[in-house]
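# Descriptive structure summary
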Amino acid sequence: MHGFELELLRCGKSCRLRWINYLRSDVKRGNISPQEEEIIIKLHADLGNR
């Protein structure tokens, strides 16, 4: 299959994941600050992987 044919088959979960991981403009990309890293570590210790 060609790339454009695969695009036509995308639906459901893959569409949601693409939106969440790539298309949302409010999702920060790139390097994180030391403060952000501390927040992530604390939240992971409190909540684990969810």
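Structure report, in brief. (Residues numbered from 1 in each chain as written. Predicted model: local features only at pLDDT ≥ 70, side-chain atom pairs only at ≥ 80, totals over all residues. Heavy atoms only, no water.)

### Some details on the pattern of salt bridges
All chains considered together, the criterion is met by 1 salt bridge. In this structure, the salt-bridge partner of Asp46 is Lys42, at a minimum N-O distance of 2.7 Å. Residue Asp46 and its partner Lys42 are both found in helix 3 (residues 34-47); the two are separated by 4 residues, about one turn of the helix. The pair Asp46 / Lys42 is uniform in exposure class, with both members exposed. (Salt bridge = Lys/Arg side-chain N within 4 Å of Asp/Glu carboxyl O. Helix = DSSP H or I, 4+ residues; strand = E, 2+ residues; numbered from the N terminus. Buried < 20%, exposed > 50% of the residue type's maximum accessible area, 1.4 Å probe, protein only.)

### Some points on helix 3
Counting along an α-helix, one turn takes 3.6 residues, and residues three or four places apart therefore face a common direction. Between its first and last C-alpha, helix 3 extends 20 Å over 14 residues, near the 20 Å set by a 1.5 Å rise per residue. Among the 14 residues that make up helix 3, 0 are buried, leaving the element largely open to the surroundings. Within two residues after helix 3, Gly48 carries a phi angle of roughly 75°, on the positive side. (Expected span 1.5 Å × (residues − 1).)

### With respect to a nonpolar patch on the surface
A cluster of nonpolar side chains, namely Trp19, Ile20, Tyr22 and Leu23, defines an oily patch on the protein surface of about 440 Å² accessible area. Tracing the chain through its elements places Tyr22 in helix 2 (residues 13-23). (Patch = residues over 30% accessible without salt bridge, like charges linked within 9 Å, V, L, I, M, F, W, Y side chains within 5 Å. Areas by Shrake-Rupley, 256 points an atom, 1.4 Å probe, with all protein chains shown as cover.)

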